[in-house]
Every structure is written in C-alpha cells, then in structure tokens.
Amino acid sequence: MPIEAKTLNILACPKCKGKLVHYAEKDELVCRGEQLAYPISEGIPVLIADKAREVSNEELEKVPS
C-alpha cells in the first residue's frame, strides 16, 4: 500500500530527523542518511529505531529518490 506524499512530507527518521523515502518493493520507509529501513505494519509506519533494519549500500541504490 503506497504512502501518500503529504504523509511522507511530515514523517521523519527518529534518529536524524531526515527525510524518509517509501521503498515500495519491501514496503518500508528508508532513511538514506542513517541507512535504516523502518517497517510498515498494516499500513502504519513503525518509526522505532529498534525495529529498523540496516540497509546495505547495494540495496540503498535500489531505493527511489
């Protein structure tokens, strides 16, 4: 389920307060600065640093800008 653009504009990474990008392929929100991916559970972003996973440089290249 895609995240609306206006919702993405108000969400931020809880660690660095940076912009998040929706990675539709894995249904996650990705912070490029921290290289973290936050899960989306039942349409709700889980913006808890302990729940995020690290994203490799190779995978980060696949995430849209």
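Look up a bit, the structure's there.
In what follows, the accompanying structure is described. Bear in mind that the values here come from a model prediction, so they are computed numbers and not experimental data.

### Let's talk about the nonpolar core
Now for step 1: If you look at the biggest cluster of nonpolar residues, it comprises 11 residues: Ile3, Leu8, Leu11, Cys13, Leu20, Leu29, Cys31, Leu36, Tyr38, Ile40 and Ala52.
Now for step 2: Of all elements in the fold, only strand 2 (28-31) and strand 3 (36-41) reach the threshold of two or more residues within this core.
Now for step 3: With three residues, strand 3 is the largest single contributor of residues to this core.
Now for step 4: When residues no more than four places from it in sequence are discounted, the contact partners of Leu8 are Ile3, Leu20, His22 and Leu29.
Now for step 5: Listed in part, the seven residues of the second largest apolar core include Val30, Ala37, Leu60 and Val63.

Calculation criteria
Residues numbered from 1 in each chain as written. Predicted model: local features only at pLDDT ≥ 70, side-chain atom pairs only at ≥ 80, totals over all residues. Heavy atoms only, no water. Core = buried A, V, L, I, M, F, W, Y, C linked by side-chain atoms within 4.5 Å. Buried < 20%, exposed > 50% of the residue type's maximum accessible area, 1.4 Å probe, protein only. Helix = DSSP H or I, 4+ residues; strand = E, 2+ residues; numbered from the N terminus. Contact = heavy atoms within 4.5 Å.

By themselves, these observations are geometric and do not establish any function.
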